[in-house]
Amino acid sequence: MVALLRQIESGVQRPGQLERAIEGMTAKVLSERLKRLVEYGVVEKTSYPEIPPRVEYDLTTFGQRLLEIIDEVDALQRQARRKN
């Protein structure tokens, strides 16, 4: 899930791009994860009324903060490993 958020953070926003950017990610799993992230308010989905339809995903403010917290936890883990 974090890899997906990192890709969105780096500017990869369309489902096909996300699927190609994350090794082993299937369209079905990606769709389920994106749906859940939208439900939780971590990402927002924008649908464009075009033919063919275009959908893009962006991090919400909550999603950006969540990644900051994940970065802080990673930093704490690295510190703990160095002390041991």
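Scroll up to find the structure.
Residues numbered from 1 in each chain as written. Predicted model: local features only at pLDDT ≥ 70, side-chain atom pairs only at ≥ 80, totals over all residues. Heavy atoms only, no water.

K.L.:
Is there a simple way to think about the packing of helix α1 (residues 2-9) against helix α3 (residues 27-40) in this case?
P.N.:
When two helices pack together, their arrangement is given by the angle between the helix axes and by the axis-to-axis distance. With their axes 11 Å apart at the nearest point, α1 and α3 run at an angle of 75° to one another. As far as their axial angle goes, α3 and α1 are roughly perpendicular. Across the interface between the two elements, Leu4, Leu5 and Ile8 of α1 pack against Leu30, Arg33, Leu34 and Leu37 of α3. A class-by-class count of the residues in the contact of α1 with α3 yields six nonpolar, no polar and one charged. (Axes fitted to C-alpha atoms, helices over the stretch in contact; angles between N-to-C directions. Helix = DSSP H or I, 4+ residues; strand = E, 2+ residues; numbered from the N terminus. Parallel < 35°, antiparallel > 145°, perpendicular 65-115°, else oblique. Contact = heavy atoms within 4.5 Å. Nonpolar A, V, L, I, M, F, W, Y, C, P; charged D, E, K, R; others polar.)

K.L.:
Please explain α1 as it appears in this structure.
P.N.:
An α-helical segment advances 3.6 residues per turn. Residues three or four places apart therefore align on the same side. Of all the positions in α1, only Leu4, Leu5 and Ile8 are classed as buried. Take α1 and look down its axis: the buried residues cluster within an arc of 100°, on one side only. Against the buried residues of α1 lie α2 (15-21), α3, β1 (43-48), β2 (54-59) and α4 (61-83). Looking at the residues trailing α1, positive phi occurs at Gly11, about 110°. (Buried < 20%, exposed > 50% of the residue type's maximum accessible area, 1.4 Å probe, protein only. Arc of directions from axis to C-beta.)

K.L.:
Help me understand the pairing of β2 in this model?
P.N.:
It is a general feature of regular strands that their side chains alternate between the two faces of the sheet. Examined bridge by bridge, β1 and β2 share six bridges and lie antiparallel to one another. Note that in β2 the partner of Glu44 across the bridge is Asp58. Hairpin connection between β1 and β2: a loop of five residues separates the two successive antiparallel strands. (Pairing = 2+ DSSP bridges.)

K.L.:
Even after reading the chapter, I still don't get unusual backbone geometry, so can you show me in this structure?
P.N.:
The general pattern is negative phi for most residues beyond glycine and trans for most peptide bonds. That bond from Ile51 to Pro52 is cis: its omega, -5°, falls within 30 degrees of zero. For Pro52, the location among the structural elements is in the loop between β1 and β2.

K.L.:
Looking at this structure, how should I read the side chain of Glu56?
P.N.:
By secondary structure assignment, the location of Glu56 is in strand β2. Of note is the side chain of Glu56, whose polar atom sits 3.0 Å from the side chain of Arg54. Contacts of Glu56, omitting those with residues within four sequence positions, involve Gln13, Arg14, Glu44, Lys45, Thr46 and Tyr48. (Polar contact = N/O pair within 3.5 Å; in protein donor to acceptor, adjacent residues only side chain to side chain.)

K.L.:
For this particular structure, what's the right way to read the packing of α1 against α4?
P.N.:
Contact pair α1 / α4: the axes reach a minimum separation of 11 Å and the direction vectors enclose 120°. By the angle between their directions, the pair α1 and α4 is classed as oblique. The two elements α1 and α4 meet at a crossing, and its hand is left-handed. Here α1 contributes Val2, Leu5, Arg6 and Glu9 to the contact with α4, which in turn contributes Leu66, Leu67, Ile70 and Asp71. For the contact of α1 with α4, a count of residues per class yields five nonpolar, no polar and three charged. (Left-handed = near helix turned anticlockwise from the far one by under 90°.)

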